[in-house]
Amino acid sequence: MSQKKEPFTFYTQTHEVPTKDWNQVIANSDLFLSLTYLEALSLALSHEMPWVYVLVYADTKPIVAGVFQIATFTYKKGAQTNLLLKLFQDCKNKDDSVSIRGLVCGNMFATGTHGYAYSKDVSFKAATELMASAAKQLGKMKTYEEAFSIQLFKDFNAASASELGVLDDFKYRSFQADVTMVLPIHETWHTFPHYLDSMKAKYRTKVKSAFKKASALQLVSLSVSEIEEYEDRLLELFNTVQQQSEYSYGENYPKAFKTLKENLGELFICKGAFLGETLIGFSTAFINGATLEASYVGIDYTYNTKYALYERLLYNYVEEAILHNATLLHLGRTSELIKSALGATPQHMTLYAKHTSKFKNALLKPILEKITPSEFALRKPFKTDFYN
């Protein structure tokens, strides 16, 4: 079913979206906006996380293609919970956590600006304004009038900031969450040993120690049938990691791994870490053009320290990035210290949020101002001449 009111056309199913028009705008610029990727997610998760796809037209020509997700964020007892309860008392759970339903422009499962693409006929600023207008229009539709209480535009880098005043005009409030960690893959790193050779002795020793601890592990690329076979365990490992966080969402995300592998093939990497016959961890990643996008990991913490499990999965991301001739490795948020020891550097991300209630939106400002990136000591693992 599609609902049309110029210049927007909204769709709730990927098969309804005019493929030619969508691809004309996307132009293979972002895997996370491809219909094959979006279809894989919606097939597995649409019952808990509805999607809305939007095409914006100038006359009959498509100029913007974007996606919204309606998702539930659960905030556990943490620094922000008491503040959030002032605005979301009706969203309080029995365990004193807070579950907030939001309309999100951007990818819930990937860090970065993956909410929309636009043709050369429009600017980034104009495209952003159009997507903000689309979000406003969705909020007025009877279908969605009680579907969400927050609207969120996520993950813009500093280079975009000067153009995003347009979101201020729509009464969105900006805030910075944790940084995302990024590792440029140096042109001299043709193999993992080349990467190691760039490191100072102490960091090289650290890597070798992790590999020695992890020597009993086998990292295996999982096929479609193997992902299906281990689905329950993948879910368990995923949620074990989620439980460590102050907030969670998409607890059934691993149910999409099978369709992601079916639809994307080699562009989706799902690796299992086995100790003998036991799956004790996994990692996922996407090949998005020249970037390797590290995605979620799952860990059985019983084995983490003894077998350097998390470290081994992180180093495997570097191996995969080099193997696939990537120029950039996105390592995402969290665990900034250990990721900086790999050579990754922080990239600040700005998000924009608004409450659907004008009154509560005014109260949202002091809450968002208290959300700041976690502090950590940045490591510099490479030899001094490497930074020159």
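Up top is the structure.
Residues numbered from 1 in each chain as written. Predicted model: local features only at pLDDT ≥ 70, side-chain atom pairs only at ≥ 80, totals over all residues. Heavy atoms only, no water.

*Asks:* I'd like a rundown of the environment of Thr-240, residues and numbers included.
*Replies:* Relative to the assigned elements, Thr-240 resides in helix 9 (residues 231-242). For Thr-240, a relative accessible area of 23% corresponds to the partly exposed category. Separated by 58 residues in sequence, Thr-240 and Gly-298 have C-alpha atoms that sit 7.1 Å apart. Beyond its immediate chain neighbours, meaning those up to four positions away, Thr-240 contacts Ile-299 and Tyr-301. (Helix = DSSP H or I, 4+ residues; strand = E, 2+ residues; numbered from the N terminus. Buried < 20%, exposed > 50% of the residue type's maximum accessible area, 1.4 Å probe, protein only. Contact = heavy atoms within 4.5 Å.)

*Asks:* Which residues make up the nonpolar core, and what values do they have?
*Replies:* In this structure, Trp-22, Leu-41, Phe-109, Tyr-253, Phe-257, Leu-260 and Phe-286 are the most contacted members of the largest nonpolar core, which totals 57 residues. Broken down by element, the residue count for this core peaks at 7 residues, all from helix 2 (residues 35-45). Tyr-253 has contacts with Leu-41, Leu-45, Phe-109, Phe-238, Leu-260, Phe-286, Ser-295 and Tyr-296, leaving out every residue within four places of it along the chain. Membership of the second largest hydrophobic core comes to 43 residues, among which are Leu-292, Ile-299, Leu-313 and Ala-321. (Core = buried A, V, L, I, M, F, W, Y, C linked by side-chain atoms within 4.5 Å.)

*Asks:* Report on the pattern of salt bridges, specifying residues and quantitative values.
*Replies:* Scanning the entire structure with this criterion turns up 10 salt bridges. The residue Glu-311 makes a salt bridge to Lys-206 at a minimum N-O spacing of 3.4 Å. Here Lys-206 lies in helix 7 (residues 201-213) and Glu-311 lies in helix 11 (residues 309-323), a separation of 105 residues in the sequence. In this structure Lys-206 comes out as partly exposed when scored by relative accessible area, which is 33%. (Salt bridge = Lys/Arg side-chain N within 4 Å of Asp/Glu carboxyl O.)

*Asks:* Go over the packing of aromatic side chains, please, and point to the residues and values.
*Replies:* In total, this model carries 31 aromatic pairs according to the counting rule given. With a centroid separation of 6.3 Å and an interplanar angle of 45°, the aromatic rings of Phe-109 and Tyr-249 are classed as tilted. Here the residue Phe-109 occupies a position in the loop between strand 5 (98-105) and strand 6 (116-118), and Tyr-249 occupies one in the loop between strand 11 (247-248) and helix 10 (257-264), the gap between them amounting to 140 residues. In this structure, Phe-109 and Tyr-249 share a single accessibility class: buried. (Phe/Tyr/Trp six-rings, centres within 6.5 Å; stacked < 30°, edge-to-face > 60°.)

*Asks:* Give me the lowdown on helix 11, citing residues and values where you can.
*Replies:* Look at helix 11: 21 Å from first C-alpha to last across 15 residues, which is about the 21 Å you get at 1.5 Å a residue. Directly beyond the C-terminal end of helix 11, a positive phi value near 55° is found at Asn-325. (Expected span 1.5 Å × (residues − 1).)

*Asks:* A description of the packing of helix 2 against helix 10 should follow, citing residues and the corresponding values.
*Replies:* For the pair helix 2 and helix 10, the least separation of the axes is 8 Å and the interaxial angle reads 155°. One element, helix 2, and the other, helix 10, form an angle in the roughly antiparallel class. The element helix 2 and its partner helix 10 pack so that their crossing is right-handed. Contacts between helix 2 and helix 10 pair Thr-36, Tyr-37, Glu-39, Ala-40, Leu-41, Leu-43 and Ala-44 from the former with Thr-259, Leu-260, Asn-263 and Leu-264 from the latter. (Axes fitted to C-alpha atoms, helices over the stretch in contact; angles between N-to-C directions. Parallel < 35°, antiparallel > 145°, perpendicular 65-115°, else oblique. Left-handed = near helix turned anticlockwise from the far one by under 90°.)

Taken by themselves, the reported measurements are silent on function.
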